[in-house]
There are 4 protein chains.
Amino acid sequence: MDLRGVFPPVVTPFRDDGSLDLEAFGANLDAYSSEDLAGCLVLGSNGEAASLEDDEKLALVRAARSRTTGRTLLVGTGLESTRATIALTKRVADVGADAALVLTPHYYKPQMNVDALRGHFEAVAEASPIPVLLYSVPQFTGIPFPAPLAALVAGHPRIVGMKESSGDVGLLGRIVGSAPPSFRVLCGSAGVFYPALCLGASGGVLAVACCSPRPVAALYRAFERGDHAQARRLQEVLAPLAAAVTSAHGVAGLKAAMDAVGRRGGSVRLPLRPAPASLAREIRPLLEQAESAV
Amino acid sequence: MDLRGVFPPVVTPFRDDGSLDLEAFGANLDAYSSEDLAGCLVLGSNGEAASLEDDEKLALVRAARSRTTGRTLLVGTGLESTRATIALTKRVADVGADAALVLTPHYYKPQMNVDALRGHFEAVAEASPIPVLLYSVPQFTGIPFPAPLAALVAGHPRIVGMKESSGDVGLLGRIVGSAPPSFRVLCGSAGVFYPALCLGASGGVLAVACCSPRPVAALYRAFERGDHAQARRLQEVLAPLAAAVTSAHGVAGLKAAMDAVGRRGGSVRLPLRPAPASLAREIRPLLEQAESAV
Amino acid sequence: MDLRGVFPPVVTPFRDDGSLDLEAFGANLDAYSSEDLAGCLVLGSNGEAASLEDDEKLALVRAARSRTTGRTLLVGTGLESTRATIALTKRVADVGADAALVLTPHYYKPQMNVDALRGHFEAVAEASPIPVLLYSVPQFTGIPFPAPLAALVAGHPRIVGMKESSGDVGLLGRIVGSAPPSFRVLCGSAGVFYPALCLGASGGVLAVACCSPRPVAALYRAFERGDHAQARRLQEVLAPLAAAVTSAHGVAGLKAAMDAVGRRGGSVRLPLRPAPASLAREIRPLLEQAESAV
Amino acid sequence: MDLRGVFPPVVTPFRDDGSLDLEAFGANLDAYSSEDLAGCLVLGSNGEAASLEDDEKLALVRAARSRTTGRTLLVGTGLESTRATIALTKRVADVGADAALVLTPHYYKPQMNVDALRGHFEAVAEASPIPVLLYSVPQFTGIPFPAPLAALVAGHPRIVGMKESSGDVGLLGRIVGSAPPSFRVLCGSAGVFYPALCLGASGGVLAVACCSPRPVAALYRAFERGDHAQARRLQEVLAPLAAAVTSAHGVAGLKAAMDAVGRRGGSVRLPLRPAPASLAREIRPLLEQAESAV
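How each quantity is defined
Residues numbered from 1 in each chain as written. Chains lettered and ligands numbered in written order. Predicted model: local features only at pLDDT ≥ 70, side-chain atom pairs only at ≥ 80, totals over all residues. Heavy atoms only, no water. Phe/Tyr/Trp six-rings, centres within 6.5 Å; stacked < 30°, edge-to-face > 60°. Helix = DSSP H or I, 4+ residues; strand = E, 2+ residues; numbered from the N terminus. Buried < 20%, exposed > 50% of the residue type's maximum accessible area, 1.4 Å probe, protein only. Contact = heavy atoms within 4.5 Å. Buried area = accessible area lost by both parts, 1.4 Å probe. Salt bridge = Lys/Arg side-chain N within 4 Å of Asp/Glu carboxyl O. Polar contact = N/O pair within 3.5 Å; in protein donor to acceptor, adjacent residues only side chain to side chain. Nonpolar A, V, L, I, M, F, W, Y, C, P; charged D, E, K, R; others polar. Least-squares fit on C-alpha atoms with pLDDT ≥ 70 in both.

Asks: Just checking my understanding: could you explain the packing of aromatic side chains for this structure?
Replies: Under the defined criterion, the tally for this structure stands at 12 aromatic pairs over all chains. When the centroid spacing of 5.1 Å and the interplanar angle of 35° are considered together, the rings of Phe140(A) and Tyr107(B) count as tilted. With Phe140(A) in helix 5 (residues 138-141) and Tyr107(B) in the loop between strand 4 (99-103) and helix 4 (114-127), the pair connects residues from two separate chains. We classify Phe140(A) as buried; its relative accessible area is 16%. Relative accessible area serves as the criterion here: at 7%, Tyr107(B) is assigned to the buried category. Aromatic side chains Phe140(C) and Tyr108(D) sit 5.5 Å apart centroid to centroid with 70° between the ring planes, which places their arrangement in the edge-to-face category. With Phe140(C) in helix 5 (residues 138-141) and Tyr108(D) in the loop between strand 4 (99-103) and helix 4 (114-127), the pair connects residues from two separate chains. Overall, the relative accessible area of 5% leaves Tyr108(D) in the buried class. Among the aromatic residues, ring-to-ring pairing joins Tyr107(A), Tyr108(A) and Phe140(B) into one connected group.

Asks: Would you mind going over the interface of chain B and chain A with me for this structure?
Replies: Buried accessible area, meaning the area lost when the parts come together, often serves as the stated size of an interface. The interface is formed by 44 residues belonging to chain B together with 44 residues belonging to chain A. In total, about 3,200 Å² of surface goes out of reach between chain B and chain A, with carbon and sulfur atoms giving 60% of it. At the junction of chain B and chain A, the tally comes to 0 salt bridges. The interface formed by chain B and chain A holds 14 residue pairs in polar contact (both at pLDDT 80 or more) in total. Elements with a minimum of two residues in the side of chain B that touches chain A: helix 3 (82-94), helix 4, helix 5 (138-141) and helix 12 (250-260) of chain B. Grouping the amino acids of the side of chain B that touches chain A by side-chain chemistry returns 18 nonpolar, 16 polar and 10 charged.

Asks: How should the relation of the copies chain D and chain C be read in this particular structure?
Replies: Here two copies of a chain appear, and what relates them is a rotation about an axis with a shift along it. Between chain D and chain C, the superposition needs a rotation of 180° and an axial shift of 0.0 Å, giving an RMSD of 0.0 Å. Interpreted geometrically, this transformation is the action of a two-fold axis. Taking C-alpha positions as the reference, the residue of chain D nearest the rotation axis is Gly142(D), at 2.9 Å.

Asks: Would you mind showing me how to read the relation of the copies chain B and chain A here?
Replies: Least-squares fitting of chain B to chain A yields an RMSD of 0.0 Å, with the superposition described by an axial translation of 0.0 Å and a rotation of 180°. The fraction of interface residues of chain B whose copies in chain A are also interface residues reaches 100%, indicating that both copies meet through the same surface.

These figures capture arrangement, not role.
Structure (structure tokens):
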């Protein structure tokens with residue numbers, strides 16, 4: 001399993017009545033298969049995992065597995081309770097997940113200290129049949145990632161890395177610096193992908209790769225070959241695109257951007273609401289600018 | 001259904017292996033039945049709802065219903081997606097819930113504006129067979145309650161009130177002042193129960209009532225009969241108790257306090273961890289002080 | 001010196017060119033002298049103390065002293081450094097201040113722990129010729145007040161109380177409960193004046209008293225004679241007025257409200273900007289509603 | 001005036017009695033004059049500007065000017081009021097400051113929106129005889145920097161750049177990307193100096209350069225000549241040093257680190273308190289590691 005490169009956190013398309021649109025989901029993955037991507041993440045935050053039932057989750061993993069040959073299939077399995085996370089991790093492993101991305105539990109915020117988080121991640125890793133990555137996304141969970149935690153859990157043979165989505169590049173650098181080189185840190189914030197690579201991130205799981213995989217992959221390759229000028233140039237066009245697509249309207253914005261470029265974003269599930277119709281018009285020039293910078 | 005008075009948000013006792021202890025759950029409810037309480041809340045934050053499976057939730061509601069004759073049974077049904085919340089609300093209504101307490105969805109924080117929250121609550125109320133209360137607890141959800149929302153949704157015939165657990169008494173006062181009198185506001189923060197009553201709260205859903213129902217009920221009755229001096233005195237002894245029981249150790253602290261007074265708190269589920277053994281010793285004088293102030 | 005009752009935190013009127021308008025300042029104080037007020041606070045947050053020079057501050061205290069006969073003159077003297085705070089406290093004492101209100105230092109936020117704050121307040125009290133009150137206003141300073149601090153410093157013979165402006169009534173209650181009765185707690189948030197009195201506040205320093213002293217004083221008197229129904233009624237009309245006057249536009253809003261009722265608010269100093277012209281029209285009905293509720 | 005390279009934000013040494021130690025101040029500057037530095041910043045946050053009197057400030061600028069020949073002398077002049085900031089800016093210009101670093105006003109936080117901040121900075125720049133840089137340091141001011149503000153004010157001929165100390169590299173990148181190339185952005189957070197340079201920062205104003213100028217300057221030079229591997233290596237040793245020196249103990253920690261390497265940190269002014277005696281011992285290996293990485 002290779003954790004270097006770019007992974008789109010694929011969306012879960014819904015029909016207008018809120019039902020799962022597996023056909024659209026498959027079509028998106030087929031389209032990604034010809035791009036320069038390392039794999040994909042299913043059931044992440046942009047996949048609306050929090051609004052999916054268990055059977056839907058398994059159907060999505062199966063569909064993704066059959067279309068991700070030879071690439072890495074990451075699957076989000078983090079739930080509030082340790083036991084439920086373990087159960088889901090086992091089930092997605094059974095249907096082909098290569099690794100589980102485990103969100104920090106976060107409902108009981110005041111109790112989620114280093115000890116509680118360490119206990120959770122190690123218990124999940126101990127029971128998991130597949131490698132485990134930590135997943136920190138404070139803008140959704142409301143809890144910051146304690147920098148020393150990565151090094152504490154990196155000793156477990158099945159904890160192989162993390163997705164760091166706070167956008168705090170200094171924190172990402174401290175994590176890379178404190179953990180062994182085998183612990184891979186994936187950047188989850190497109191606005192800082194290039195500086196995160198500079199500090200040792202092995203790749204990125206970036207929403208903007210769902211609608212614009214080419215410039216994201218080109219940034220990664222430019223960095224890989226030491227072309228910092230091109231990497232910075234691509235970063236500068238991706239930053240406003242990422243901000244416009246996801247910062248203002250979240251998953252609905254990302255789905256609208258996908259629709260605008262011929263992918264199939266589909267509807268969101270309530271309580272999320274559709275992005276305003278004007279969004280597609282606003283982001284089109286940013287999308288084109290990003291493509292033409294490659 | 002009467003929403004005045006004190007409701008303990010009952011805990012869900014687990015055995016040491018993490019399995020549900022329905023017998024201990026029932027024993028607690030039996031004990032509460034002889035106290036001056038208006039009913040109880042099942043599947044709230046202190047009930048570790050976030051760590052329970054659907055079948056466990058229904059078993060708990062059934063068990064609570066059979067032991068809450070003639071009193072109000074509130075049941076927490078809020079989940080991230082509107083459709084899942086509706087489904088669970090219907091199922092708990094089928095097994096006897098009097099009203100559903102619907103948590104603000106909160107994972108996609110930046111999108112949870114007034115419109116999204118209003119859409120969620122009204123859709124749930126529209127589909128629900130039973131009355132609905134809103135539930136705001138920012139220390140867990142990470143999102144503040146927009147003060148104007150209460151008045152906006154109070155017009156729906158099945159939205160009958162809310163549980164306000166932020167501890168922000170000014171906000172509670174603005175909600176009471178803006179909504180019609182039929183919209184009941186329950187205080188969810190024991191440290192401000194008395195001032196909340198002064199500003200028009202109709203009662204409280206207070207964790208400390210799980211271990212010390214008597215002083216909490218006495219505070220409510222003192223207020224009801226206009227004995228402000230006694231209400232304030234009880235508030236002063238309850239405030240440090242509430243802080244010691246739940247602020248430092250959360251649900252685990254509450255369960256330890258229940259064990260200390262002969263109720264059956266039981267274990268917590270991971271990632272929550274047990275309270276330190278010293279806690280029971282520390283809170284005993286506070287428990288005794290509260291009881292002797294009645 | 002009596003710290004019970006209502007104190008307006010008087011504004012500092014400026015002319016359009018930014019110069020101090022001492023004549024308008026005096027006119028306001030003359031108007032307050034016929035109201036049921038316990039005194040006033042000069043050089044508080046609403047007095048734009050942060051934008052005043054030392055000689056202006058002394059001129060304001062002198063002018064206030066000559067118009068506050070037989071009432072308590074509180075003067076804000078808190079600066080970032082302990083030595084500068086001591087120097088200013090001595091100077092305002094020389095020109096007639098009855099007590100100094102000392103803001104929590106706050107620039108070096110991470111260092112302002114209980115020890116540093118305690119050291120500051122005790123050093124100021126030790127050197128001060130007049131009694132000292134603590135002043136906590138987290139919405140401006142960005143630092144919360146550590147609840148145990150009040151009891152720690154209350155033992156100093158010249159530390160006689162505090163102004164608590166966070167609006168967190170639970171915190172105010174814990175402070176009152178932990179400190180000796182001689183330590184007076186003044187509520188600094190009009191939205192929670194009545195519940196703060198219920199929990200033992202001895203009075204209030206409330207911006208809304210600068211434009212509407214009568215209903216604020218009436219609330220205090222209603223509480224004093226045990227008329228909770230009238231106190232709550234007045235609280236309900238004061239809450240939206242206070243929110244409209246200061247929450248949206250700060251000192252500029254308060255000055256506009258004063259102008260609207262015949263007091264002399266005057267201009268603000270840059271970087272503050274004038275309130276929109278529409279504000280006076282918006283708040284007039286709220287002002288009238290508050291007056292007519294007395 | 002050249003805003004590229006490394007600027008130490010020099011400390012203000014005090015004697016044990018709190019008086020200004022100009023001799024120690026001068027000795028530090030003399031030591032810096034033989035290092036590869038672009039100049040220095042006087043009266044910044046690490047210079048305890050918030051605790052200095054006006055005459056002390058001018059004495060420090062004069063002393064710095066006489067020891068900063070041929071290099072750029074930046075001077076912090078930001079105060080809460082626009083008029084006071086203008087007055088101080090003129091006075092430091094008179095005694096030799098090359099440019100003024102103007103802190104965001106922040107006491108009236110809710111009012112400090114883009115319009116108010118823009119008005120402040122443009123008014124100061126309009127009146128200033130010397131170039132002006134903005135200064136954002138949210139960990140002290142409590143207000144975030146609105147990303148679009150930089151481009152809005154960059155059009156003023158005397159606003160030449162900013163110091164961005166939030167540590168948010170994505171924000172720094174958006175500022176660089178939105179403002180004209182003549183607008184220089186200096187990084188104020190040593191933990192992200194290298195990634196900030198990657199995104200277009202022209203240099204850094206970094207506390208750690210007060211005690212370890214050599215590795216900081218070496219990082220800048222490595223980046224300048226395109227040696228990313230060496231820049232990253234130096235970043236990795238500077239990050240824990242910067243965290244140990246300033247994060248835990250602030251200015252007092254920095255002064256202790258200076259004392260440990262033969263510079264003259266001196267005492268802090270109250271309410272700041274001295275760093276624990278153990279700090280020097282803890283940071284010595286980090287200091288040595290940083291030096292040996294050059």
